[in-house]
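Residue-level structure breakdown
The primary structure of each chain is shown beneath.
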Amino acid sequence: SLEGSGFSEEWFTNILQDVTKDLNKYGVCVVDDFLGEERADRILEEVRTLHSLGVMQAGQVVSQHVQDQARGKIRGDKITWVTGDEPHCSSIGQLVNVVDYIVAKANKHYDAGKLAQYNITWRTRAMVACYPGCDTHYVKHVDNPNGDGRCITAIYYLNKNWTPNDGGVLRIYPENCSDIIASINPCFDRMLFFWSDRRNPHEVMPAKIVRYAITVWYLD
Ligand SMILES: O=C(O)CNC(=O)c1n[nH]c2ccccc2c1=O
Ligand SMILES: [Fe+2]
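Before going into details, it helps to say that this report is about the structure given with it. Counting starts from 1 at the beginning of each chain's written sequence and moves along it residue by residue. To label them, take the chains in the order written and letter them from A, then take the ligands in the order written and number them from 1. Thresholds applied to this predicted model are a pLDDT of at least 70 for local features of residues and 80 or more for the giving and counting of side-chain atom pairs; totals over whole chains, interfaces and linings are not thresholded and use all residues. Side-chain figures throughout are based on the complete set of non-hydrogen atoms in the structure, without hydrogens or water.

1. Description of the packing of helix H2 (residues 37-52) against helix H4 (residues 90-108)
Axis lines are fitted to C-alpha atoms, over the contacting stretch for helices. Their N-to-C directions set the angle, which ranges from 0 to 180 degrees. Comment: elements are numbered from the N terminus, with helices defined as DSSP H or I runs of at least four residues and strands as E runs of at least two. Across the interface, H2 lies against H4 with an axial gap of 8 Å and an inter-helix angle of 125°. Between H2 and H4, the interaxial angle falls into the category oblique. Remark: the crossing between H2 and H4 carries left-handed chirality. Across the interface between the two elements, Arg-39, Arg-42, Ile-43, Glu-46, Val-47 and Leu-50 of H2 pack against Ser-90, Ser-91, Ile-92, Gln-94 and Leu-95 of H4. Amino acids are sorted into nonpolar (Ala, Val, Leu, Ile, Met, Phe, Trp, Tyr, Cys and Pro), charged (Asp, Glu, Lys and Arg) and polar (every other residue, Gly among them). Here the contact of H2 with H4 is composed, by residue class, of five nonpolar, three polar and three charged. Between 65 and 115 degrees an angle is taken as roughly perpendicular, under 35 as roughly parallel, over 145 as roughly antiparallel, and anywhere else as oblique. In this scheme the crossing of two helices becomes right-handed for a clockwise turn of the near helix relative to the far one and left-handed for an anticlockwise turn of less than a right angle. Whether two residues are in contact is decided by their heavy atoms: any pair within 4.5 Å suffices.

See the structure below:
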């Protein structure tokens, strides 16, 4: 619901139209300056706290060789799952509430188009991910290749003053326009939505410095 979010009906309506239009047209939607610097800073502080508390576990191992693992070779992304009700997670919880509202409304929006094909009733918890730099990356993949129910991937980026030298760009290879590669910089207070299925193979390019993102998957 709107009250308590601190955002106006008009703000939501504008975002809704962007998300609905871009998702239906491109299968991808980027919203910049999503929550404003003050809220985004609070979320970043919470993620840094979670990282410093050591609650993030290795999401994937970068080296498949046993001896590398034995030597504790650089591991890939580290993740933790939060509902938003845990200690140090209240701003993350507010982010999820705002995204929930947008996705629920867009799903029922008058010009929902392809979004209307879904009946989004559920979502995962929020996955807080940290790529620790040192060229950690995520190989080209589809989030939901085999119909596990996930239909929309929603990613919120928290990387202040990001520059190309920092790496960690998200590349999306839209299935139906093979010549275009969408390169999305993981910059601070940027919100991204894309179809989770085979329409959007994507990869995280090697990150040179610590790179934070929060992902929620919406299920049909
Ligand atoms: O951070 C990004 O820009 C994109 N990120 C991804 O595509 C992505 N996709 N699937 C995952 C599954 C487990 C752990 C991390 C991930 C992950 O970062
Ligand atoms: Fe992914």
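2. Concerning the coordination of the iron ion (ligand 2)
Sites may look incomplete, because water is not among the atoms used; the donor set itself consists of N, O and S atoms within 2.8 Å of the metal (3.2 Å for Na, K and Ca). Of the protein atoms, only His-141 (NE2), Asp-143 (OD) and His-202 (NE2) coordinate the iron ion (ligand 2), at distances of 2.1 to 2.2 Å. Going along the chain, you hit the donors of the iron ion (ligand 2) in the pattern H-x1-D-x58-H. Pair noted here: His-141 is in strand E6 (residues 136-141) and His-202 is in strand E11 (residues 202-207), with a separation of 61 residues, a long-range link. In terms of burial, His-141 and His-202 fall into one category: buried. Throughout this description, buried means an accessible area under 20% of the type-specific maximum (1.4 Å probe, protein chains only), exposed means over 50%, and partly exposed covers the range between.

3. A word on the pairing of E11
E11 sits mainly inside the fold: five of its six residues count as buried. Being paired, for any two strands, means DSSP has found at least two bridges between them. Sheet analysis places E6 next to E11, joined by three bridges and oriented antiparallel. Opposite Thr-136, over in E11, you have Ala-207 as the bridge partner. Pairing geometry for strand E8 (residues 170-172) and E11, over three bridges, is antiparallel. By the bridge assignment, Ile-172 is partnered in E11 with His-202.

4. Some remarks on the nonpolar core
Core analysis: the biggest nonpolar cluster contains 48 residues, and Phe-34, Ile-92, Ile-102, Ile-152, Tyr-156, Phe-193 and Ile-214 have the highest contact counts within it. Listed by contribution, the elements that provide at least two residues to this core are helix H1 (9-26), strand E1 (28-31), H2, H4, strand E5 (126-132), strand E7 (150-157), strand E10 (190-195) and strand E12 (210-219). At nine residues, the largest contribution of residues to this core is made by H4. Counting 12 residues, the second largest nonpolar core, distinct from the first, contains Val-28, Tyr-131, Val-204 and Ala-213. The definition of a nonpolar core used throughout is a set of buried Ala, Val, Leu, Ile, Met, Phe, Trp, Tyr and Cys residues joined through side-chain atoms within 4.5 Å.

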